Amino acid sequence: MSQIKPGHRLYLYRLFRRELGVGKQTALARAAGVLEADGLAPADLGFEDARSLFEELSECVKVTVFKKGAVFVTVLANEEYDQALARAEKNGGKNPAGAKSFKRQRGVKNVKPLKPKHIEPKPEPEPEVEPAQEPEETLVVGPELEPTLAAEANSAAERAIEAQPEAGLEVATPQDAKPGVELTTENEAKADKPLATYPEPAPAPEPAPEPPIKFTITYAPEPIEQDIEPCPSPKAATDEAPIGEPAATEPAHARPSRPARPANNLPQDFYADVIVTDEPLSALYQVLPLEVDPVATLEEDFRIARSTGTLDGTRSEVSFPMRFQRRDGSPVMVTLRRRARAVAGKHWTLASIDADAPEEVGMGALERKAAGPWAAFANKDQLFDAISPEAELAQFAVLGSWDKLLEELSALAAPEDWGEGRALLREYLAMRYRRVARERLVSMADDGSSAAFDTGLLSASGEPIAAILEPHDGDIHWELTCFSLNAQARPATWPQMPEPGQIARELLETGDPALRRAAALVVRSPRAATQAYDAVNDAVYVLAPVDGQAYALGHGPVNKADARVCARVVSADQPVWLDK
């Protein structure tokens with residue numbers, strides 16, 4: 001195992017901390033690209049590949065291997081290294097007065113970051129190719145020398161033939177002859193048997209005298225024109241992918257155009273690209289609840305805005321909404337502004353936060369935006385710490401415009417009423433992904449080149465629809481590119497529906513007359529009961545009709561409209577009373 005010097009370890013920690021960020025899970029390929037961009041290679045430190053190098057840096061880098069071989073790395077904060085880097089910057093790279101020389105100092109605290117030397121790989125020696133035993137190559141001569149050279153060639157050929165034994169001669173036809181120049185004389189044309197040379201002529205007792213002029217003639221055939229088929233595109237190659245690699249199949253439905261991605265000069269990572277200034281951050285501290293981390297919230301909301309295409313502005317100034325809202329119900333808006341000169345490698349700065357003043361709403365009194373049906377079963381305490389399924393999906397994969405995404409999905413699926421603006425479909429897709437993610441059913445290609453998850457929807461002909469994902473650079477590692485009927489993604493699983501008698505007994509145990517009537521209805525009509533998904537607790541409840549409303553066994557009354565969406569996540573077959 002190769003040992004990395006302390007100075008090199010400190011340099012690599014500083015490099016990965018700056019480029020990848022602390023606590024962020026990054027694909028191994030991107031982390032290796034950071035090393036390459038800095039002019040280094042694993043071989044410079046004595047390692048065969050990037051993975052073995054990162055595994056050696058276990059004190060500051062965590063290597064995680066997912067199913068089917070996907071490898072990600074996470075930079076871990078190392079307080080000892082941070083102190084050493086701060087001390088090195090303070091000293092300006094020199095030892096303080098009175099300190100020991102570098103060679104006599106011990107411990108990481110006195111080590112300076114030292115960039116490893118790049119070792120150029122030695123070129124592999126080219127294998128020696130033995131020259132083929134063919135007629136001597138010759139140069140093409142001009143027309144003015146052709147008569148003289150031809151005569152000398154004929155004379156030399158006659159002398160060579162006379163020097164050979166007469167036995168064992170064979171006739172070489174033009175088809176058998178190798179590319180070259182045939183040398184014939186007038187006597188050969190008149191002879192009964194044409195003359196030919198041996199395949200491997202025996203050495204003559206005495207070498208034939210060389211002609212006064214030494215020359216060769218080159219055989220230059222005309223080039224043969226042939227049609228060259230272009231290499232198949234990646235999409236064409238995936239048409240014949242085997243079943244079991246769902247994300248590598250060609251979508252059966254043409255994907256409508258999505259809004260263009262933001263320009264490359266826009267911030268792509270809040271932590272790596274944005275300087276958080278004190279004034280707006282201080283104002284945000286005063287209005288956010290005390291338990292909320294402002295910087296972490298800004299980073300997550302910025303990532304969601306990038307994923308869903310809600311960044312608004314120009315190349316020099318962009319704004320995005322937060323999860324909190326003002327008194328009038330509008331979202332709190334954050335503005336980022338580009339700087340002419342970068343500071344610590346960051347070109348963007350937190351310019352302003354458009355929120356209510358503390359004296360208007362009170363200290364720590366900003367409220368979150370109203371939760372959707374996904375929070376139907378959550379209490380206030382659970383909801384405070386919960387992450388919405390939409391936010392989870394948006395941070396897992398770049399989605400683009402929600403409107404375009406839902407339009408594409410609804411066009412491919414069997415006709416269904418999803419409400420105004422397909423709002424119910426949006427809630428459904430996010431909650432369905434959460435269930436698939438909790439069960440670890442997101443399918444990934446063996447080489448990590450694609451992934452897919454089952455949406456739970458069917459086409460008009462009964463074919464399952466899957467969401468297709470492709471790798472994406474940045475802190476969001478995937479992009480939802482389209483929906484497909486060809487991918488074989490694994491669907492979410494649900495517990496078996498209890499027997500009607502068991503449901504009735506639980507309703508009767510409450511002693512409530514309304515619930516007793518519901519128990520009698522379930523016994524007479526078992527299909528009156530259904531199941532609904534609790535996305536906050538990843539649980540499933542049994543719903544029964546009580547006086548026209550939804551009642552969840554073991555929980556209590558639930559908003560009927562929200563219960564309908566939660567039940568649709570589990571199954572498309574729902575009782576009539578839930579749709580009214």
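Details of the structure are given in the entry above.
Structure report, in brief. Owing to the predicted nature of the structure, the values given are computational and were not obtained by experimental measurement.

Let us look at the pattern of salt bridges. Taken as a whole and judged by the stated rule, the model has 24 salt bridges. Glu299 serves as the salt-bridge partner of Arg303, at 3.5 Å between the closest nitrogen and oxygen. Taken together, the residues span about one helical turn, with Arg303 and Glu299 both in helix 10 (residues 294-308) at a distance of four residues. Like Glu299, Arg303 is buried. Between Arg435 and Glu439 there is a salt bridge, with the nearest N and O atoms lying 3.7 Å from each other. For Glu439, a relative accessible area of 24% puts it in the partly exposed group. When salt bridges that share partners are traced, they join Glu299, Arg303, Arg306 and Asp475 into one network.

Turning to the side chain of Gln574, a few remarks are in order. Within the secondary structure layout, Gln574 lies in the loop between helix 18 (560-570) and helix 19 (576-579). There is a polar contact of 3.0 Å between the side chain of Gln574 and the side chain of Thr530. A polar contact of 3.0 Å, which involves the side chain of Gln574, links it to the backbone oxygen of Ala567. Discounting residues that sit within four places of it in the chain, Gln574 has contacts with Thr530, Ala567, Arg568 and Asp579.

Moving on, we come to the sheet that holds strand 11 (residues 443-444). The strand order across the open sheet formed by five strands is 10-14-13-12-11, and the pairing between neighbours is mixed. Either end of the sheet is taken by a strand with one partner, and the two such strands are strand 10 (397-398) and strand 11. Two strands pair when backbone bridges link them, and strand 11 and strand 12 (residues 451-458) are joined in this way by two bridges, in the antiparallel orientation. In the sheet register, Met444 faces strand 12, and the bridge partner there is Ala451.

Turning our eyes to something else, we now look at the pairing of strand 14 (residues 478-484). Along strand 14, seven of the seven residues are buried, which leaves the element largely enclosed by surrounding structure. The turn joining strand 13 (residues 464-471) and strand 14, which pair antiparallel and follow one another in sequence, is formed by six residues; a positive phi near 110° is taken by Gly474.

Spatial ordering of the open sheet is given by 15-16-17-18, a layout of four strands whose pairing is antiparallel. The open sheet is flanked by strand 15 (530-534) and strand 18 (556-558), the only strands paired with a single partner. Averaged over neighbouring strand pairs, the angle between their axes works out to 45° when direction is ignored. Along the sheet face, helix 17 (residues 513-524) touches strand 16 (539-546) and strand 17 (549-552) and points at about 100° away from the line of strand 16.

Cut-offs applied
Residues numbered from 1 in each chain as written. Predicted model: local features only at pLDDT ≥ 70, side-chain atom pairs only at ≥ 80, totals over all residues. Heavy atoms only, no water. Salt bridge = Lys/Arg side-chain N within 4 Å of Asp/Glu carboxyl O. Helix = DSSP H or I, 4+ residues; strand = E, 2+ residues; numbered from the N terminus. Buried < 20%, exposed > 50% of the residue type's maximum accessible area, 1.4 Å probe, protein only. Polar contact = N/O pair within 3.5 Å; in protein donor to acceptor, adjacent residues only side chain to side chain. Contact = heavy atoms within 4.5 Å. Pairing = 2+ DSSP bridges. Axes fitted to C-alpha atoms, helices over the stretch in contact; angles between N-to-C directions.

Purely spatial values, then, with no claim about function.
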